[in-house]
Amino acid sequence: MTPQEFPLLKISDLNFSYGNTKVLESINFEMNYGHISCILGPSGSGKSTLFNLITALLHFDAGSIKIDNLELSSIPEELVRTKYIGIIFQKFELYPHMNVLDNVISSIWHVTQDYEKNKQLATGILKNMGIHEHINKLPDELSGGQKQRVGIARALINSPKLIVADEPTSNLDTDTSEKIMEILGGLKSKEHGIIYSTHNLNNARYADNVFILKDGKLNEIEEERLIKSSHFSDLY
């Protein structure tokens, strides 16, 4: 099968609760290779929970998640977050005691322990991220934008099929956020897909499809309605 013959990510009738509180209800979603999808929603709407389910950091109550036409539950967790999914975190989640290079390499170390090969691969990605000159610095020596570039490089090193970015600009200033979103938009490729969440309406314009998560339900937003909305609250 070629990638175009089935969705890269398919979520069917997904439900998740914290105790007696229903967080996600009957979520249905499909995304193809080569597409960028955006999930809009304010803090607390369940965006992070949804992404944690997609990346197998949480386990859902009922429903199905398929990645590359495979049930998520059938893929060993260590492979989910190496071979299949690259994660870009909201708060960067870099190892403070590792320099930039080793932080990026840490994501592929479970796949291959060939340090020189990994170093060469990581160095090339960091050059593309425009952060190669900081390769030996520790995270505390970097700006927020630089940290997120390292986070993106780490997510890319395994050539994942799906890139998942949970609020990738929420800890950044406006100008830096714009640059990070331009980088994400520039990663569009028929070889993978990108899904990101945001509460910033301006960030939605980088996506091919935009969805809104409200009251535990996910619905696609029509482009015309999105264009007419000048504020995030207009969509609620």
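None of these values were measured; they are calculated from a predicted model.

Caption draft 1: Expanded view of the pattern of salt bridges. Tallying each qualifying case throughout the model produces seven salt bridges. The partner of Lys10 in a salt bridge is Glu30, with the nearest N and O atoms 3.8 Å apart. Residue Lys10 is located in strand β1 (residues 9-18), and its partner Glu30 is located in strand β2 (residues 21-31); the two are separated by 20 residues in the primary sequence. When its relative accessible area of 34% is taken as the criterion, Lys10 is described as partly exposed. A relative accessible area of 45% means that Glu30 is categorised as partly exposed. The closest approach of N and O atoms between Glu77 and Arg81, which form a salt bridge, is 3.6 Å. Of this pair, Glu77 and Arg81 both sit in helix α2 (residues 77-84), four residues apart, roughly one helical turn. Residue classification places Arg81 among the partly exposed positions, given a relative accessible area of 26%.

Caption draft 2: Examining the layout of surface pockets more closely. A volume near 410 Å³ is recorded for the largest pocket. Looking at the largest pocket, it is lined by 16 residues, and the ones nearest its centre are Arg81, Phe89, Tyr95, Ser107 and Arg154. Looking at the lining of the largest pocket, the elements that each hand over two or more residues are α2, β6 (85-88) and α5 (144-156). Residue composition of the lining of the largest pocket, by class: six nonpolar, five polar and five charged.

Caption draft 3: View of the sheet that holds strand β9 (residues 209-214). With mixed pairing, the six strands of this open sheet are ordered in space as β6-β7-β8-β3-β9-β10. Each end of this open sheet is capped by a strand with a single partner; those strands are β6 and β10 (217-220). Across this sheet, the average inter-strand angle for adjacent strands is 20°, counted without regard to direction. Those strands touched by α2 are β6 and β7 (162-166), and its axis lies near 80° from that of β6.

Caption draft 4: Representation of the sheet that holds β2 within the structure. The antiparallel open sheet is built from four strands, whose spatial order is β2-β1-β4-β5. Strands at the two margins of the open sheet, each flanked by one partner only, are β2 and β5 (70-71). Bridging between β1 and β2 involves seven bridges; their strand directions are antiparallel. Each bridged residue has a counterpart across the sheet, and for Leu9 the counterpart in β2 is Met31. Where helix α1 (residues 47-54) meets the sheet, its contacts fall on β1, β2 and β4 (62-67), and the angle it forms with β1 comes to roughly 120°.

Caption draft 5: Spatial organisation of the packing of aromatic side chains. One pass over the structure, following the stated rule, counts three aromatic pairs. Centroid distance Phe6 to Tyr33: 6.5 Å. Interplanar angle 70°. Geometry classified as edge-to-face. With Phe6 in the segment before β1 and Tyr33 in the loop between β2 and β3 (36-40), this pair connects stretches of sequence that are 27 residues apart. On the basis of relative accessibility, which here comes to 12%, the residue Phe6 falls in the buried class. A relative accessible area of 10% places Tyr33 in the buried class. A centroid spacing of 5.0 Å and a plane angle of 70° characterise the contact between Phe29 and Phe211, whose relative ring orientation is edge-to-face. Taken together, the residues span a long stretch of sequence, with Phe29 in strand β2 and Phe211 in strand β9 at a distance of 182 residues. Here Phe29 and Phe211 have matching classes, each one buried.

Caption draft 6: Quick look at unusual backbone geometry. In this structure, Ser26 is a non-glycine residue whose phi angle is positive, near 50°. By the element assignment, Ser26 lies in strand β2. For Ser159, which is not glycine, the phi torsion reads 50° and is therefore positive. One can find Ser159 in the loop between α5 and β7. Using a relative accessible area of 60% as the deciding quantity, one classes Ser159 as exposed.

What counts and what doesn't
- Residues numbered from 1 in each chain as written.
- Predicted model: local features only at pLDDT ≥ 70, side-chain atom pairs only at ≥ 80, totals over all residues.
- Heavy atoms only, no water.
- Salt bridge = Lys/Arg side-chain N within 4 Å of Asp/Glu carboxyl O.
- Helix = DSSP H or I, 4+ residues; strand = E, 2+ residues; numbered from the N terminus.
- Buried < 20%, exposed > 50% of the residue type's maximum accessible area, 1.4 Å probe, protein only.
- 1 Å grid on protein atoms, 1.4 Å probe; cavity = no way out; pocket = protein on both sides within 12 Å on 5 of 7 lines; lining within 4 Å.
- Points joined across faces, edges and corners; volume = space filled by probe spheres on them.
- Nonpolar A, V, L, I, M, F, W, Y, C, P; charged D, E, K, R; others polar.
- Pairing = 2+ DSSP bridges.
- Axes fitted to C-alpha atoms, helices over the stretch in contact; angles between N-to-C directions.
- Contact = heavy atoms within 4.5 Å.
- Phe/Tyr/Trp six-rings, centres within 6.5 Å; stacked < 30°, edge-to-face > 60°.

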